[in-house]
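Reading the structure
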Amino acid sequence: MNRTVEYRADGLTMTGHLALPAGTGRRPAVLLGPEGMGLSDVERRRADALAELGYVSLAFDLHGGRYLSNPEEMLARCLPLLADPDRMRDIGHAALDVLRAEPRVDPDRIAAVGYGTGGAIALELGRDGVDLRAIGTVNGLTTGRPGEATRIRCPVWAGVGSEDPIMAPAQRDAFTAEMQSAGVDWRLVLYGGALHAFHHPPVDHPAPPGVGHHPRHAQRAWHDVLGLLTECLPVTE
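Before going into details, it helps to say that this report is about the structure given with it. (Residues numbered from 1 in each chain as written. Predicted model: local features only at pLDDT ≥ 70, side-chain atom pairs only at ≥ 80, totals over all residues. Heavy atoms only, no water.)

1. Remarks on the overall build of the protein
Basically, it comes down to this: Numbered from the N terminus, helices here are DSSP runs of H or I no shorter than four residues, and strands are runs of E no shorter than two. Based on C-alpha atoms, the radius of gyration is set beside the globule rule, defined as 2.2 Å times the residue count to the power 0.38. Three labels apply to residues, based on accessible area from a 1.4 Å probe with only protein chains included: buried if under 20% of the type maximum, exposed if over 50%, partly exposed otherwise in between. Contact criterion: two residues are considered in contact whenever any of their non-hydrogen atoms come within 4.5 Å of each other. Every accessible area reported is derived by Shrake-Rupley at a probe size of 1.4 Å, with residue values counting cover from the shown protein chains alone.
Within the protein, the regular secondary structure consists of six helices and eight strands. Each helix and strand of the protein, placed in order from N terminus to C terminus, yields the pattern β-β-β-α-β-α-α-β-α-β-β-α-β-α. Taking 18 Å as the expected radius of gyration for a compact globule of 237 residues, we find that the protein reaches 16 Å, a close match to that expectation. Out of the 237 residues in the protein, the part that is buried amounts to 56%. A sequence separation of at least 24 residues applies to 69% of the contacts in the protein between residues at least 6 apart. Accessible surface, the protein as shown: approximately 9800 Å² in total, 52% of it carbon and sulfur.

2. As for the sheet that holds strand β5 (residues 105-115)
Stated precisely, the cut-off is as follows: For two strands to be treated as a pair, DSSP must find no fewer than two bridges joining them. Axes here mean lines fitted to C-alpha atoms, for a helix over just the part in contact, with angles spanning 0 to 180 degrees between N-to-C directions.
Here eight strands make up an open sheet; going across it, the order is β1-β2-β4-β3-β5-β6-β7-β8 and the pairing mixed. The strands lining the two open edges of the sheet, one partner per strand, are β1 (2-9) and β8 (186-191). On average, each strand axis in the sheet is tilted by 20 degrees relative to the strand beside it, whichever way the strands run. Pairing of strand β3 (residues 27-33) with strand β4 (residues 56-59), which is carried by four bridges, proceeds in the parallel orientation. The residue of β4 that forms the bridge with Leu31 is Leu58. The strands that helix α6 (residues 215-232) touches are β3, β5, β6 (134-138), β7 (156-161) and β8; relative to β8, the one it contacts most, it runs at about 165 degrees.

3. Considerations on the nonpolar core
Quick note on the threshold: Buried Ala, Val, Leu, Ile, Met, Phe, Trp, Tyr and Cys residues form a nonpolar core when they are joined through side-chain atoms within 4.5 Å.
Judged by nonpolar contacts, the single largest core of 42 residues is most densely connected at Leu31, Phe60, Leu99, Leu132, Ile135, Ile152 and Val156. Broken down by element, this core gets its largest block of residues, six residues, from helix α3 (residues 85-101). Listed in part, the 26 residues of the second largest apolar core include Ala19, Tyr115, Val138 and Ala221.

4. Topic: the pairing of β5
If a strand is regular, its side chains alternate between the two faces of the sheet. Let me state the cut-off plainly: With strands facing away from the observer, any crossover in which the path from the first strand over the helix to the second runs clockwise is taken as right-handed.
Counting buried positions over the 11 residues of β5 gives eight, a clear majority of the element. Sheet analysis places β3 next to β5, joined by six bridges and oriented parallel. Residue pairing in the sheet places Val30 in a bridge with Ala111 of β5. Pairing between β5 and β6: five bridges, direction parallel. Its bridge partner lying in β6, Gly114 is registered against Thr137. Following the backbone out of β5, through helix α4 (residues 117-127) and into the adjacent parallel β6, one traces a crossover that is right-handed.

5. A closer look at the pattern of salt bridges
Two side chains of opposite charge can pair, provided their charged atoms sit close to one another. Here is the rule: By definition here, a salt bridge exists when the distance from a side-chain nitrogen of Lys or Arg to a carboxyl oxygen of Asp or Glu is within 4 Å.
Under the criterion given, the structure shown has 14 salt bridges. Note that Glu102 is salt-bridged to Arg3, the shortest N-O span being 2.8 Å. Of the two residues, Glu102 sits in the loop between α3 and β5 while Arg3 sits in strand β1, which places them 99 residues apart along the sequence. The salt bridge involving Arg127 is made with Glu124; its shortest N-O contact spans 2.8 Å. With Arg127 and Glu124 both in helix α4 and three residues apart, this pair spans about one turn of that helix. For Glu124, a relative accessible area of 2% translates into the label buried. If you follow the salt bridges from partner to partner, you end up with Asp86, Arg89, Glu124, Arg127, Asp128, Arg145, Glu148, Arg151 and Glu178 in one network.

6. So, a nonpolar patch on the surface
Put simply, the test is: For patch detection, residues must exceed 30% relative accessible area and be free of salt bridges, and they are connected within 9 Å for like charges or within 5 Å for nonpolar side chains (Val, Leu, Ile, Met, Phe, Trp, Tyr).
Residues Leu75, Leu79 and Leu82 make up a contiguous nonpolar surface patch of roughly 240 Å² in combined accessible area. Mapped onto the elements, Leu75 comes out in helix α2 (residues 71-82).

7. Remarks on the packing of α3 against α4
Each packed pair of helices is defined by two parameters, the angle between the axes and the distance between the axes. The test is simple: We call two directions roughly parallel when the angle between them is under 35 degrees, roughly antiparallel when it is over 145, roughly perpendicular when it lies between 65 and 115, and oblique otherwise.
Contact geometry of α3 with α4 gives a least axis separation of 8 Å together with a crossing angle of 95 degrees. Classified by the angle their axes make, α3 and α4 are roughly perpendicular. In this structure, α3 uses Pro85, Met88, Arg89, Ile91, Gly92 and His93 to contact α4, whose residues at the interface are Ala120, Ile121, Glu124, Leu125 and Arg127.

8. What about the packing of aromatic side chains?
How we decide: By convention, a stacked pair of Phe, Tyr or Trp rings (six-membered ring in the case of Trp) has centres within 6.5 Å and planes under 30 degrees apart, an edge-to-face pair has planes over 60 apart, and any other such pair is tilted. Charges are assigned to positions over rings by a cutoff of 6 Å between ring centre and Lys NZ or Arg CZ, combined with an angular limit of 35 degrees from the ring normal.
Scanning the model with the defined rule gives one aromatic pair in all. For the pair Tyr191 and Phe198, a centre-to-centre distance of 5.1 Å together with 45 degrees between the ring planes defines the contact as tilted. With respect to burial, Tyr191 and Phe198 carry one shared label: buried. Positioned above the aromatic ring of Tyr115, the side-chain terminus of Arg46 is 4.3 Å from the ring centre.

Note that all results are geometric; they support no functional claim without further evidence.
This is the structure:
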């Protein structure tokens, strides 16, 4: 079962997609963040797939119910957002509050998984000291304010394409150095030959340079996300 949920964040009325597993008992939950374009059927389907595996999942919104298909408009909104950890945390906390308020959710067993901007928000929740069981970020290897990564309380898994010009080697190195110096249980998977947003199916609108779908690695990255959840947030009756 799934339904649309509305809530306020970043001065906007957000429209998220909540997917519930079968049954009536409490279940572990996954907060699912979208790419910078915003919430789409791609994330809704992923939330539904997680519900079929036994998780409550909320695919959260970034842009007040809008999907920004114009690359210039998307960058104009996302670049200032990515430069403002407090705004990212506001968006993440608002969605997390909605997820925790769902009666089917075990509030002590929540993970955050995000793609691009959504992955950056998942990381900021960790840097804010939120009690999460796992954080997963795909092509969203951002660094935070100095010292705050020490507040991350769970394993961090990250995936990125080897040819991603947006998350280039210097950015990857900065991210891994931050995680290592903070004593985080981290791992990085490098998907050979993949560009930015390699996990995302092809779109019928212009995309920024350096973006491209890689079908094999997209499937592998999804399996790796599921492996993270199986390890850190198993579904138990």
